[in-house]
Amino acid sequence: MPLTYARKIVEVEINSATDNPLIFPEEGLCLSGGNFHGQPIALAMDTLGIALTMVGNISERRIARLLDEKLNNGLPPFLIPPNAKRGLNSGLMTAQYTAAALASENKVLAHPACADSIPTSANFEDFVSMGTTAAQKAAQILENTEYIIAIELLCASQAIEYRGPEKLGKGTRKAYKKIREVVPPLKEDRPLNPDIEKLKTIIKKGTLLTN
């Protein structure tokens, strides 16, 4: 798995001696080497970014399916509440816009930074790993994907209102209850940003994974 691979590489590198040269004062040694090169981290971060992008892509497609009355098996279009006036309420339509925008941004960010290199120091540093850029991109993709999944939770919990929470399994019922502790059902249009931020917080804290 990409996460397992990335964790292993980071743990190895963070516990490695990557100075150049390596100084051993007790032995009076000064050894030059290539241990400073950050390619292992760059590859791990690019791989992680690509994997997270795929998670976001799949989540966004589930969101789109939930909102599309042609695909959602009888749910209201855009999950607009039944008592809300059509035309004045758009339900969760714009939430999918946000998820789609973030998924599209992730696709751009997923381009591997390690595939590039710009020599520096009068060509002395002739091949640069671009590991810092790869890590920054992976962090941004992670945050974007957290928002996408938060939007999916928002849409899924609203869909459950129509299907009936009593039909949920043991695990999904617990997740639903935790979502409802921070976000109430949508009865008419309201600003969705506070809801999405609250759901992103419980994703980041791992609240949904605790008993």
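The structure we're discussing is the one just above.
Keep in mind the model is a prediction, meaning the values are calculated, not measured. (Residues numbered from 1 in each chain as written. Predicted model: local features only at pLDDT ≥ 70, side-chain atom pairs only at ≥ 80, totals over all residues. Heavy atoms only, no water.)

**What to know about the overall build of the protein**
Looking only at helices and strands, the protein features six helices and two strands. Its helices and strands taken in sequence order, the protein reads α-β-β-α-α-α-α-α from the N to the C terminus. Over its C-alpha trace the protein gives a radius of gyration of 23 Å, far above what one expects of a compact globule, namely 17 Å for 211 residues. C-alpha extents for the protein along the principal axes are approximately 80 × 35 × 25 Å. Looking at the protein as a whole, 36% of its 211 residues qualify as buried. A sequence separation of at least 24 residues applies to 69% of the contacts in the protein between residues at least 6 apart. Only carbon and sulfur atoms are counted for the fraction: they give 60% of the accessible area of the protein, which is about 12700 Å². (Helix = DSSP H or I, 4+ residues; strand = E, 2+ residues; numbered from the N terminus. Rg over C-alpha atoms; globule rule 2.2 N^0.38 Å. Buried < 20%, exposed > 50% of the residue type's maximum accessible area, 1.4 Å probe, protein only. Contact = heavy atoms within 4.5 Å. Areas by Shrake-Rupley, 256 points an atom, 1.4 Å probe, with all protein chains shown as cover.)

**A word on the nonpolar core**
In a soluble, globular protein the nonpolar side chains are often hidden away together inside. Core analysis: the biggest nonpolar cluster contains 24 residues, and Leu92, Cys155 and Leu199 have the highest contact counts within it. Sorting the residues of this core by element identifies α2 (39-67), α3 (93-109), α4 (131-163) and α6 (193-205) as the ones contributing at least two each. Of all the elements, α4 adds the most residues to this core, at seven residues. Leave out the neighbours within four places in its chain, and Leu92 touches Leu67, Phe78, Leu79, Leu154, Cys155, Gln158, Leu186 and Leu192. Counting twelve residues, the second-largest nonpolar core is a separate cluster that includes Leu52, Leu109, Ala113 and Ala138. (Core = buried A, V, L, I, M, F, W, Y, C linked by side-chain atoms within 4.5 Å.)

**Concerning unusual backbone geometry**
One non-glycine residue with positive phi stands out, namely Phe78, at about 60°. Inspection of the secondary structure assignment puts Phe78 in the loop between α2 and α3.

**A short note on the pattern of salt bridges**
Counted according to the given criterion, the structure contains eight salt bridges. Measuring nitrogen to oxygen at the nearest pair gives 2.5 Å for the salt bridge that ties Arg62 to Glu152. Remark: Glu152 occurs in helix α4 and Arg62 occurs in helix α2; sequence separation between them is 90 residues. What makes Arg62 partly exposed here is its relative accessible area of 43%. Relative accessible area serves as the criterion here: at 13%, Glu152 is assigned to the buried category. (Salt bridge = Lys/Arg side-chain N within 4 Å of Asp/Glu carboxyl O.)

**Some points on α3**
Between its first and last C-alpha, α3 extends 25 Å over 17 residues, near the 24 Å set by a 1.5 Å rise per residue. Contact partners of the buried residues in α3: α2 and α4. (Expected span 1.5 Å × (residues − 1).)

Worth remembering: the numbers are spatial, not functional.
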